[in-house]
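Okay, here's what each chain looks like letter by letter:
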Amino acid sequence: MVAHLLSLKWRLLLNGVRRSPAQLVGMAIGALYAFGAVAGLAVALVVLRWADVQTAHSAVVLGGAAAMLGWVVVPLLASAADMTLDPARFATSAIPMRQLLAGLALAGLIGLPGAATLVVALFTTVTWWRSVPAVAGALLGAVVGVLSCVVLSKVVTTATSSLAASRRFKDVSSIVIFVPLILMGPIFASVVQGVSRSTYYLPELARTVSWTPLGAPWSIGGDLASGDVLAAIVKALIALATLGVLFFCWNALLKRALVTPPYSGGSGKRGGKLGVFGLFPATPTGAIAARSLSYWIRDPRYAASLLVIPLLPVIFLFQSAQAGSYSMLVILGPMGAFIFAWSIAADVSYDNTAFALHLATGVRGVHDRLGRALACLALALPVVLVFAVGPFFLTGDWAWLPGILGLSLGVLFSGLGLSSIVSARYTSSVPLPGDSPFKKPPGNVAQTLAVQLGGMGVLLLLVVPEVVFVIVQAVTGESAWGWVTLGIGLVLGSVLFATGIRIGGGWLDRRGPELFAQLIVNR
């Protein structure tokens, strides 16, 4: 039965490639990428053959532990993309559980991730080609380590199968994966700085990790090469025990999954609560503001567009700490205001076919524009105020507060007015409702890029007066110019906000049906 499952996985993989040319191209690109990565890692492991034992031990243990973590995180965030042998499909088959577990575990090695991990793991035997016991220990560790990677991945995906069936979990996971990518620069710089300050950082870290389930299988060969037989035996027992526990957990989870399929229906909720609709007046503007604010809270596409907002202070604090000065933090307010203000430039495009409700109910364009802008302002204004005022608690240069606050508010209000015009005139290529927040539909790319770049350029021109007076304050050193900037930011920003609402509302009244037709074409 195990051989039959392996044959089935192989046939399904080949049939999928033959049936879809796009999948064949993707497979070829993935194979080239995997080959390059495997070749590079294999060469590195061969070179480590002539390195000292401590260096080779640290590299192999930390690399193996990172591989195991990758097998946990990547399938989880990818929402279990490989479903060719979904366990739920065997719910009606009378396959003994032991054979099913063994077959599914070995089938996990068929494919690019499994094959690449296995090949690289086997190359650790070349690293420890220093004695027969070391090679044997490295081979044992490689086999146990790769199986642990596969089974650990199965345990996590099986345990979260009910969550993976939820669209909200998929949306949140696809957003969360970008957080470490955005913070990759500070994280990498911190690691490099920590390593440079301490020569013993990585060896100590590897020594600690080698006694954990993540690093134990990859440490056996190195311990035998250094002559520490007792440590190698203990770590082999840890690795085997970890694999046994993982199989036990997977067995229990799989039994439950086969008799209890994931439920993705909606949960029962009692009615009678208006939520954010109870916070706004019962007017067309209030209703649209409440509807838009509920989208900001519940629609992951809006959350993805503002993902960088809470990470800005982290990035700038790190850069300020590296530079030894917190002066660059003062641009947090204007930058946050710019991102918030431009976030509604594609608001109608995000509505998609739901925009028909605005046309069918006869809502005036000015009410539509004002409601959407107020919803964004309810979230943006507190954040921008914190971003504009907060840095001065660190810098202590309060003379710059009025100028930076005026620039931030000017960017926010002017940008919301401009976005109200842009979204009433142009449609953009945005993710469709229900799709991943990072999935852009094909088509309309050139217009979207032109509108985005052109609109941002116009916004920069609209805030030139505030920028000029900030520069004047910097040149003259007179704090009075900061209060002038604050007044101009409030007055000019409010005027441009009201003007944008009125112009955008007029355009929406005149060409609402044409705008809806463009939305239908862009689906």
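Along each chain, residues carry numbers from 1 onward, in the same order as the chain's sequence is written. In keeping with the model being predicted, local features are shown solely for residues with a pLDDT of at least 70 and side-chain atom pairs are shown and tallied solely at 80 or more, while totals for entire chains, interfaces and linings include all residues. Values reported for side chains reflect all heavy atoms of the structure, with hydrogen atoms and water molecules removed beforehand.

A tally of regular secondary structure across the chain gives 26 helices and zero strands. Throughout this description, buried means an accessible area under 20% of the type-specific maximum (1.4 Å probe, protein chains only), exposed means over 50%, and partly exposed covers the range between. Here the chain holds 523 residues, and 41% of them are scored as buried. Contacts were defined at the residue level, with two residues in contact if any of their heavy atoms lie within 4.5 Å. Considering only contacts in the chain between residues 6 or more positions apart, those separated by 24 or more positions represent 78%. Residue-level accessible areas treat just the shown protein chains as cover; the underlying method is Shrake-Rupley with a 1.4 Å probe. Roughly 26400 Å² of accessible area belongs to the chain as shown, and the carbon and sulfur atoms make up 72% of that amount. Under the scheme used here, helices are H or I runs from DSSP no shorter than 4 residues and strands are E runs no shorter than 2 residues, and both carry numbers assigned from the N terminus.

Now for the environment of G455. Looking at the secondary structure, you find G455 in helix 24 (residues 445-462). The exposure class assigned to G455 is buried, which follows from its relative accessible area of 7%. For G455 and I421, which are 34 residues apart along the polypeptide, the C-alpha to C-alpha distance reads 9.9 Å. Residues contacting G455, with those up to four places away along its chain left out, are W342, L418 and A450.

Turning next to the pattern of salt bridges. By definition, a salt bridge exists where a carboxyl oxygen of Asp or Glu is found within 4 Å of a side-chain nitrogen of Lys or Arg. All told, the structure shown has five salt bridges when counted by the stated rule. Linking R369 and D368 is a salt bridge whose minimum nitrogen-to-oxygen distance equals 2.7 Å. Residue classification places R369 among the buried residues on the basis of a relative accessible area of 1%. One network of salt bridges, with partners in common, ties together D347, D368, R369 and R372.

With that settled, consider helix 18 (residues 332-342). Buried residues dominate helix 18, accounting for eight of its 11 residues. Listed as buried for helix 18 are L332, G333, P334, G336, A337, F340, A341 and W342.

Here the focus is the packing of helix 18 against helix 21 (residues 365-389). The relative placement of two packed helices is expressed as an angle between their axes plus a distance between the axes. Fitting a line to C-alpha atoms yields each axis, with helices limited to the stretch in contact; the angle taken between N-to-C directions then spans 0 to 180 degrees. The geometry of helix 18 relative to helix 21 is characterised by a closest axis approach of 8 Å and an angle of 165° between their N-to-C directions. One way to sum up the angle between helix 18 and helix 21 is to call them roughly antiparallel. Judged by the twist between their axes, the crossing of helix 18 over helix 21 is right-handed. Residue-level inspection shows L332, G333, G336, A337 and F340 of helix 18 in contact with helix 21, the latter providing C376, L379, A380, V383, V384, F387 and A388. Note that Gly is not counted as nonpolar here; it falls among the polar residues with everything else outside the nonpolar set of Ala, Val, Leu, Ile, Met, Phe, Trp, Tyr, Cys and Pro and the charged set of Asp, Glu, Lys and Arg. Per-class residue counts for the contact of helix 18 with helix 21 are 10 nonpolar, two polar and no charged. For classification purposes, an angle smaller than 35 degrees is called roughly parallel, one larger than 145 roughly antiparallel, one from 65 to 115 roughly perpendicular, and anything else oblique. Crossings are assigned a handedness: left-handed for a near helix turned anticlockwise from the far helix by less than a right angle, right-handed for a clockwise turn.

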